[in-house]
Amino acid sequence: MKFRNIIWCALALLALASCKEEDDTVEEFADWQNTNDTYFSRLVSDVQQGSLQKLEVIPCYTMPNEGYILSYFDYIVAEKLEQGSGKTSPLQTDSVKVHYVGRLLPSYSYPQGMIFDQSYVGTYDPDLATPTKFAVSGVVKGFSTALMRMHRGDHWRIYIPYQLGYGSGARSVIPAYSTLIFDLRLEDFWRKTQGDRE
């Protein structure tokens, strides 16, 4: 994706320019809120204008269907990499089994984006990777929004603004105001009320 490479290079250059004069150390996530706001609003705008045709904007599941003007940060962006064979999608009350790798936008030390969480290590291998199981309602709104649109076997890359992620507070190794990028595969899901595979 040419656009993504250009933006990531620009972000890396911004990070390189953010050195403390007194000791020449680099601030890893300098001007992070502005960097993430700019990246995500441009991404949504380019998708909506048709510049990035393989990506899709999806409104957060908590947004009303009609009569509400959405901001850039009421959406997630999804790149559908592989289509599964399933026909139904999980509900918010369901449990899912997924494989995922979560990363941040590129920074000085992490040109591909720092990995902050993952369900497998290295290259995905379906014979070796064990999916993680959790409730759809137990993750951030942007992640839930993607899951509730996916089918079994789907492989998506999703972009979640911090407003639908961890917000303005830092969390573990995730700085405040972080756009979250997940490589996500939905393996299976179950209805909570039935306990059976749907």
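The rules behind the values
- Residues numbered from 1 in each chain as written.
- Predicted model: local features only at pLDDT ≥ 70, side-chain atom pairs only at ≥ 80, totals over all residues.
- Heavy atoms only, no water.
- Buried < 20%, exposed > 50% of the residue type's maximum accessible area, 1.4 Å probe, protein only.
- Helix = DSSP H or I, 4+ residues; strand = E, 2+ residues; numbered from the N terminus.
- Pairing = 2+ DSSP bridges.
- Phe/Tyr/Trp six-rings, centres within 6.5 Å; stacked < 30°, edge-to-face > 60°.
- Lys NZ or Arg CZ within 6 Å of the ring centre and 35° of its normal.

Chemist: How would you summarise the pairing of strand β6 (residues 155-160) if you had to cite specific residues and measurements?
Modeler: Most of β6 is tucked away, with 5 of its 6 residues classed as buried. Alignment of β6 against strand β7 (residues 180-190), held across 6 bridges, turns out to be antiparallel. Opposite I160, over in β7, you have L180 as the bridge partner.

Chemist: Summarise the packing of aromatic side chains; cite the residues concerned and give the values.
Modeler: Per the stated rule, a full pass over the model turns up 9 aromatic pairs. Here F143 and F182 contribute two aromatic rings whose centre-to-centre distance is 4.7 Å and whose plane-to-plane angle is 90°, an arrangement assigned as edge-to-face. Highlighted residues: F143 in helix α3 (residues 141-147) and F182 in strand β7, separated in sequence by 39 residues. This pair shows no difference in class: F143 is buried, exactly as F182 is. Joined through ring pairs, the aromatic side chains of Y100, F116, F134, F143 and F182 make up one cluster. Positioned over the ring face of W190 is K133, at 5.0 Å from the centre of the ring. Lying over the aromatic face of F189, R152 brings its terminal NZ or CZ to 4.1 Å of the ring centre.

Treat this as a map of the structure, not an account of what it does.
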